[in-house]
Amino acid sequence: MKRIFLIVLDSFGIGAEPDAASFGDAGTNTLAAITGHPNFQGENLAGLGLFNIDGVNCGTPVERPVGCYARLREASAGKDTTIGHWEIAGLLSPNPLPTFPEGFPQELLEAFTAKTGYQVLCNKPYSGTQVIHDYGEEHLHTGALIVYTSADSVFQIAAHEDKVPIEELYKICETARELLTGPYGVGRVIARPFVGTCADDFTRTPRRHDFSLKPPAPTLLDHLQAAGFDTIGVGKIHDIFAGQGVGETIRTANNTEGLAVTQSVLDRDFHGLAFVNLVDFDMLYGHRRDIAGYAAATAEFNAWLPGFMARMSPDDVLMVTADHGCDPSYTKTTDHTREYVPYLLWGKGLRKGVNLGTRYSFGTIADTVCQALGVQADVAGCGVWHEVAR
């Protein structure tokens, strides 16, 4: 094949994994949470085989799916964006990235202040919208940065754009990234700019930026580049992989822009992989436990699919998956949920209706991409190309 379009619906889980209880996520199911909402539309996803996947007990299976479909179980010890994407790209993480449920150690914050010149507010696990409501006015008054975390491996820095210009905030995050190594090596340092005049109207802006830990070993992207293939990252792919192996980056502000950019990439002549992340599912709707918004975002993607598929060339392949769950109906936490993810494959040159069952490791995707492009690479997972290719 010539081109692979790998689209990650960020957090689109399809049911709790067997070890979900050990992550505090027993009984979670992102897909089931949204299918009953009036905003949900999924007939095109259903046509690809979404509701025919093993273990999916919501929605209505179709008699003759046009896609091939599987349920993937995560092999890595985590449920966050970084580890999920690394595994999709063929890199397993047997140990979880560090988290800080009690906040970051004082010695780290002192080093941060010494390096940046900024004092710190909060230093607790917090909702991103609530933290600016509770600490935003103090930040404006004192100039101290709002530093917070979550159940994920993240060091987040919120600052008002009028108080800390966006490029300054990015430089501060780069400094934090340099400090956060070894036992403090969180998956992501995240810049969280916001605007507004007071607690009642503070809102986050779309100029968020992630500064990720570098993958500790080559990923699918590196292997493709080494073999001479193009690698295009759409959305936050560059951020997740710290730019490693990403030949071209196209940043996007939201799902709508991400879909438009992916459509434009389809019109280009390249040979390799377009790796797309659609972040709104997770950032705007999953973490905020917004079932209506999550369902509407799914309907938008569902409506976009037919036009994209119709314009694909015979040597193109579409793959749709996710990196973890974030069940918007799960109210015990507002964090990611440990879930299986879907793996849908479609192409004009592929077989139709192949049930690939349940596969261990998201790395199944990396190996399948390599097989489809004819690249020999040492990646995690056992590919399914021989089962779906005609």
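What counts, and at which threshold
- Residues numbered from 1 in each chain as written.
- Predicted model: local features only at pLDDT ≥ 70, side-chain atom pairs only at ≥ 80, totals over all residues.
- Heavy atoms only, no water.
- Core = buried A, V, L, I, M, F, W, Y, C linked by side-chain atoms within 4.5 Å.
- Buried < 20%, exposed > 50% of the residue type's maximum accessible area, 1.4 Å probe, protein only.
- Helix = DSSP H or I, 4+ residues; strand = E, 2+ residues; numbered from the N terminus.
- Contact = heavy atoms within 4.5 Å.
- Polar contact = N/O pair within 3.5 Å; in protein donor to acceptor, adjacent residues only side chain to side chain.
- Pairing = 2+ DSSP bridges.
- Right-handed = clockwise from strand over helix to strand, strands pointing away.
- Expected span 1.5 Å × (residues − 1).
- Bend = angle between axes of the 7 residues up to and from the residue.

Visitor: Summarise the nonpolar core; cite the residues concerned and give the values.
Guide: By size, the foremost hydrophobic cluster in this structure holds 85 residues, and its most contacted members are Phe-12, Leu-50, Phe-275, Phe-301, Leu-318 and Met-319. Sort the elements by how many residues they give to this core and helix α11 (residues 291-311) lands first, with 8 residues. What Leu-50 contacts, discounting residues up to four positions off in sequence, is Phe-12, Ile-14, Leu-31, Leu-45, Val-56, Pro-342 and Leu-344.

Visitor: Lay out unusual backbone geometry in plain terms, naming residues and giving numbers.
Guide: Phi angles above zero are rare outside glycine, and Asn-123 is one such case at about 55°. The topology assignment puts Asn-123 in strand β3 (residues 120-125). In this structure, Ser-361 takes a positive phi of about 100° despite not being glycine. With respect to the helices and strands, the residue Ser-361 is situated in the loop between β14 (355-360) and α12 (363-373).

Visitor: An account of the side chain of Thr-262 is requested, with residue identities and associated values reported.
Guide: Along the chain, Thr-262 turns up in helix α9 (residues 255-266). Assessed through its relative accessible area of 1%, Thr-262 is described here as buried. Within polar-contact distance, the side chain of Thr-262 engages the backbone oxygen of Gly-258 at 2.7 Å. Once you skip the residues sitting within four places of it in the chain, Thr-262 turns out to touch Phe-5, Ile-7, Val-234, Val-276, Trp-304 and Phe-308.

Visitor: Can you explain the pairing of β3? Please cite residues and give values.
Guide: In this structure, β3 lies alongside strand β4 (residues 145-149), joined through 5 bridges in parallel fashion. Bridging from a neighbouring strand, Val-120 pairs with Leu-145 of β4. For the handedness criterion, the β-α-β arrangement of β3, helix α5 (residues 128-142) and β4 is classed as right-handed.

Visitor: So what's going on with α5? Residues and values would help.
Guide: The terminal C-alpha atoms of α5, which comprises 15 residues, lie 20 Å apart, in line with the 21 Å expected from a rise of 1.5 Å per residue. In α5, a bend of some 55° at Tyr-135 exceeds every other bend along the element. Of the positions making up α5, those classed as buried are Gly-128, Val-131, Ile-132, Tyr-135, Gly-136 and His-139. Where α5 is buried, its residues contact β3, β4, β5 (154-160), β6 (188-195) and β7 (203-204). One or two steps after α5, the chain reaches Gly-143, where phi turns positive at roughly 85°.

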